[in-house]
Amino acid sequence: MANMDVEEFIQQNRALADQVETFRGYWESEKHWQARREFVLRNISDFEDPHLDQLVSLSMVWANNVFLGCQYSTELLDKVKDMAEGVVVEDAPVFKTRGEIMKKQQGQ
């Protein structure tokens, strides 16, 4: 779903879009929210109403990994990366793990 596709989907599914807007955290920047909203919209059809909290949680895991560099289990990261296929984040930060930093310092 490209940015135009997202906007078109929102126009065609106003009630669903309004519901998704309630998932935005007050701390999220516009860039952060736009990417996470696209993640949610791409996957919402796979989650029934009582399980939407799982989708919201998975979207936060993905966003925290992409924007903040948070680490999670390989299994969980693989799942959210599959779910995020096609979501493009421009100028995403690049993070190094503590292990990568320590390895580089020890090599000097």
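Now for a description of the structure that goes with this document. None of these values were measured; they are calculated from a predicted model. (Residues numbered from 1 in each chain as written. Predicted model: local features only at pLDDT ≥ 70, side-chain atom pairs only at ≥ 80, totals over all residues. Heavy atoms only, no water.)

1. So, the packing of aromatic side chains
- Considering all chains together, one arrives at 2 aromatic pairs under this definition.
- Ring geometry for Tyr26 against Trp27: centres 5.2 Å apart, planes inclined by 80°, an arrangement best described as edge-to-face.
- Taking relative accessible area as the criterion, Tyr26 reaches 81% and is therefore assigned exposed.
- What makes Trp27 exposed here is its relative accessible area of 56%. (Phe/Tyr/Trp six-rings, centres within 6.5 Å; stacked < 30°, edge-to-face > 60°. Buried < 20%, exposed > 50% of the residue type's maximum accessible area, 1.4 Å probe, protein only.)

2. Quick word on the packing of helix H3 (residues 30–43) against helix H4 (residues 52–68)
- Two elements in contact, H3 and H4, have axes separated by 10 Å at closest approach and are oriented at 140°. The angle between the axes of H3 and H4 places the two elements in the oblique class. Crossing angle aside, the handedness with which H3 passes H4 is right-handed. Taken together, the residues of H4 that come into contact with H3 (itself represented by Lys31, His32, Ala35, Arg36, Phe39, Val40 and Asn43) are Leu55, Val56, Leu58, Ser59, Met60, Trp62, Ala63 and Phe67.
- Its residues assigned to classes, the contact of H3 with H4 shows 10 nonpolar, 3 polar and 2 charged. (Axes fitted to C-alpha atoms, helices over the stretch in contact; angles between N-to-C directions. Helix = DSSP H or I, 4+ residues; strand = E, 2+ residues; numbered from the N terminus. Parallel < 35°, antiparallel > 145°, perpendicular 65-115°, else oblique. Left-handed = near helix turned anticlockwise from the far one by under 90°. Contact = heavy atoms within 4.5 Å. Nonpolar A, V, L, I, M, F, W, Y, C, P; charged D, E, K, R; others polar.)

3. Focus on the environment of Gly99
- Along the polypeptide, Gly99 turns up in helix H6 (residues 98–106).
- On the accessibility criterion, Gly99 (44% relative accessible area) is partly exposed.
- Here the alpha-carbon distance between Gly99 and Asp78, two residues 21 residues apart in the chain, equals 20 Å.

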